[in-house]
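Residue-level listing of the chains:
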Amino acid sequence: MTTLLIDNIGELVTNDGGGDLLGLRTKAAVLVDRDRIAWVGPSVHAPAGDRRIDVDGAAVLPGFVDSHAHLVFAGDRAAEFAARMAGEPYTGGGIRTTVGATRSASDDQLRLATGRLVDEARRQGTTTIEIKSGYGLTVEDEARSLRIAREFTEETTLLGAHVVPAEHADNPWRYVSMVCGPMLAAARPYAKWMDVFCERGAFDEDQARTILTAGRDAGLGLRVHGNQLGPGPGVQLAVELGAASVDHCTHLSDADVDALASNVTVATLLPGAEFSTRSPYPDARRLLDAGITVALATDCNPGSSYTSSMPFCIALAVREMRMTPAEAVRAATAGGAEALRRDDVGVVRAGARADLIVLDAPTHLHLAYRPGVPLIRHVMHDGVLR
Ligand SMILES: [Zn+2]
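Just so you know, these numbers come straight off a predicted model, no measurement behind them.

Caption draft 1: The layout of surface pockets, seen in detail. Estimates place the volume of the largest pocket at around 300 Å³. Along the walls of the largest pocket sit 20 residues, with T293, R330, A334, G335 and E338 positioned nearest its centre. When the residues that make up the lining of the largest pocket are grouped by side-chain class, the tally is nine nonpolar, five polar and six charged.

If you want it as structure tokens, here you go:
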């Protein structure tokens with residue numbers, strides 16, 4: 001018993017050719033063979049599977065690809081959120097609060113907390129998730145965060161350069177040297193990516209370039225937090241160094257948009273952060289109209305965006321950033337895959353991973369049309385349906 005036919009699909013989002021952005025097919029079926037998709041086509045031509053499920057006209061999509069999440073941490077910052085909603089500005093300084101709690105937590109506590117968030121994301125349709133370190137900020141605590149993250153995903157990112165920890169505040173370059181030297185060496189076995197928070201109050205352009213170059217030299221792919229709180233060098237640096245993605249992109253110059261338009265670096269938008277910090281949203285239309293590949297991700301973290309919900313981010317993207325539902329769904333699936341340089345997820349085609357969502361709705365439009373409603377009926381991950 002190795003194959004499963006998912007039949008009677010009302011609308012199938014494939015992200016694979018066809019005349020529209022989502023490669024939509026109607027009256028479709030998908031044959032899954034263990035952890036891979038074996039066949040995609042019209043129901044009437046579907047091969048017999050060892051088993052068959054009838055989804056009764058529901059919409060089926062590739063599983064969401066959340067390419068930006070900070071899930072290894074202890075504690076929460078609900079009081080900081082309440083203060084911000086009462087009028088205090090967001091500065092990013094609260095990260096140090098979570099660093100203290102994370103350093104004090106045991107491995108098992110961190111593993112349990114991370115697993116709970118991964119499971120929460122899965123129930124909302126996320127089948128690929130990137131997980132960053134960044135709340136340890138010592139050699140040992142960053143390596144342990146990534147070791148734990150690796151238990152849940154292969155998309156793991158060293159974000160030792162999240163902020164300069166308090167004990168290095170008098171000499172940030174000493175901390176940069178530590179990130180590039182012993183921290184990178186200790187984290188390397190568990191990390192696929194290197195990231196840096198390139199922002200006023202975190203790491204400046206020279207520091208960010210030093211950190212990213214060290215990561216690249218160690219064989220890691222690159223990602224950048226850039227242009228979130230104000231204009232800055234993050235986008236240009238990401239493009240210059242060939243980063244897979246630059247994330248946030250809230251404050252962009254014309255030169256930033258031009259640089260993204262003529263390079264392969266994906267612009268990842270994280271509207272949960274603007275929602276949770278009551279900040280202006282990025283100008284998604286400007287990016288899309290320039291032909292730039294846009295990804296949507298949650299930025300799930302205890303400070304500035306404590307949501308693991310990709311459907312919520314899709315609804316925000318449509319309502320607040322003027323993306324069409326099709327653009328938002330594409331960004332949350334194929335866009336995220338491109339931001340992680342993956343061609344085996346975010347797509348429904350023969351040979352891709354069997355990561356699928358069955359909606360409790362007839363079309364993908366409902367993800368934005370019915371915000372806040374649990375529309376995920378089934379999630380298939382690695383060919384296992386639940
Ligand atoms: Zn982030």
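Anyway, onward from the coordinates.
Caption draft 2: Layout of the coordination of the zinc ion. Distances from the zinc ion to its protein donors, H68 (NE2), H70 (NE2), H225 (NE2) and D299 (OD), fall at 2.0 to 2.4 Å. Angles of 83 to 168 degrees at the metal separate the four donor atoms of the zinc ion, which places the site in the irregular class. In the primary structure, the donors to the zinc ion are separated according to the pattern H-x1-H-x154-H-x73-D. Pair noted here: H70 is in the loop between β6 (64-66) and α1 (78-85) and D299 is in the loop between β14 (294-296) and α11 (310-321), with a separation of 229 residues, a long-range link. Neither residue differs from the other here; H70 and D299 are each classed as buried.

Caption draft 3: View of the pairing of strand β2 (residues 25-33). Summarising the sheet, strand β1 (residues 3-12) and β2 pair through seven bridges and their orientation is antiparallel. The residue bridging E11 from the neighbouring strand is T26, located in β2. Hairpin connection between β2 and strand β3 (residues 36-42): a loop of two residues separates the two successive antiparallel strands, and R34 in this loop has a positive phi of roughly 50 degrees.

Caption draft 4: A look at the side chain of N15. The topology assignment puts N15 in the loop between β1 and β2. By relative accessible area, N15 is classed as buried at 7%. Setting aside its immediate chain neighbours within four residues, N15 contacts L21, L22, G23, P62, R330, T333, A334, G346 and V347.

Caption draft 5: Region of the structure containing the packing of α11 against helix α12 (residues 325-339). Running from N to C, α11 and α12 cross one another at 140 degrees; their axes reach a closest spacing of 9 Å. The orientation of α11 with respect to α12, classified from their angle, is oblique. Note on packing geometry: the crossing formed by α11 with α12 is right-handed. Of the residues in α12, those touching α11 at M310, I314, A317 and V318 are P325, A328, V329 and A332.

Caption draft 6: Region of interest: the pattern of salt bridges. Taken as a whole and assessed by the stated rule, the structure comprises 30 salt bridges. Taking the shortest distance from any N to any O, the salt bridge between D141 and R144 comes out at 3.3 Å. A residue pair is termed a helical-turn pair when its members lie 3 or 4 positions apart in one helix, as D141 and R144 do in helix α4 (residues 139-149) at three residues. For the residue pair D141 and R144, the accessibility class agrees, reading buried in each case. R342 is the partner of D344 in a salt bridge, and the nearest nitrogen-oxygen pair spans 2.8 Å. An identical accessibility class is assigned to D344 and R342; each is buried. Connected through shared salt-bridge partners, D107, D141, R144 and R147 make up one network.

Caption draft 7: Expanded view of the confidence of the model for the chain. Summing up the model confidence of the chain, the mean pLDDT is 96 and the portion of residues at 70 or higher is 99%. When mean pLDDT is taken per element in the chain, β6 scores highest with 99 and α1 scores lowest with 92.

Caption draft 8: Region of the structure containing helix α5 (residues 172-187). Approximately 40 degrees is the largest bend angle found in α5, and it occurs at V179, with the proline P182 only one to four residues beyond. Of the residues making up α5, those classed as buried are Y175, V176, M178, V179, M183, L184 and A187. As for α5, its buried residues are in contact with α4, β9 (156-161), β10 (193-198) and α6 (205-217).

Caption draft 9: Examining the nonpolar core more closely. Formed by 85 residues in total, the largest nonpolar core has its most connected members in F64, F203, L260 and L296. Sort the elements by how many residues they give to this core and α5 lands first, with seven residues. Counting 19 residues, the second largest nonpolar core, distinct from the first, contains I9, L12, A28 and V40.

Caption draft 10: Focus on the side chain of S245. Relative to the elements of secondary structure, S245 occurs in strand β12 (residues 245-248). A polar contact is formed between the side chain of S245 and the side chain of D247, at a distance of 2.5 Å. The contact partners of S245, leaving out residues within four places of it in the chain, are L222, R223, V224, T265, V266, T268 and A339.

Caption draft 11: Examining the sheet that holds β10 more closely. Read across the open sheet, the seven strands follow the order β8-β9-β10-β11-β12-β13-β14; overall the sheet is parallel. The sheet is open, and its two edges are formed by β8 (131-132) and β14, each paired on a single side. Pairing between β10 and strand β11 (residues 221-226): six bridges, direction parallel. Within β11, the residue paired with W193 across the bridge is G221. Its contacts with the sheet put α12 on β10, β11, β12, β13 (266-269) and β14, and the angle it makes with β14 is roughly 105 degrees.

Rules used throughout
Residues numbered from 1 in each chain as written. Predicted model: local features only at pLDDT ≥ 70, side-chain atom pairs only at ≥ 80, totals over all residues. Heavy atoms only, no water. 1 Å grid on protein atoms, 1.4 Å probe; cavity = no way out; pocket = protein on both sides within 12 Å on 5 of 7 lines; lining within 4 Å. Points joined across faces, edges and corners; volume = space filled by probe spheres on them. Nonpolar A, V, L, I, M, F, W, Y, C, P; charged D, E, K, R; others polar. Donors = N, O, S within 2.8 Å, 3.2 Å for Na, K, Ca; no water. Tetrahedral: all angles 85-135°; square planar, octahedral: opposite > 155°, others 65-115°. Helix = DSSP H or I, 4+ residues; strand = E, 2+ residues; numbered from the N terminus. Buried < 20%, exposed > 50% of the residue type's maximum accessible area, 1.4 Å probe, protein only. Pairing = 2+ DSSP bridges. Contact = heavy atoms within 4.5 Å. Axes fitted to C-alpha atoms, helices over the stretch in contact; angles between N-to-C directions. Parallel < 35°, antiparallel > 145°, perpendicular 65-115°, else oblique. Left-handed = near helix turned anticlockwise from the far one by under 90°. Salt bridge = Lys/Arg side-chain N within 4 Å of Asp/Glu carboxyl O. pLDDT = per-residue confidence, 0-100. Bend = angle between axes of the 7 residues up to and from the residue. Core = buried A, V, L, I, M, F, W, Y, C linked by side-chain atoms within 4.5 Å. Polar contact = N/O pair within 3.5 Å; in protein donor to acceptor, adjacent residues only side chain to side chain.

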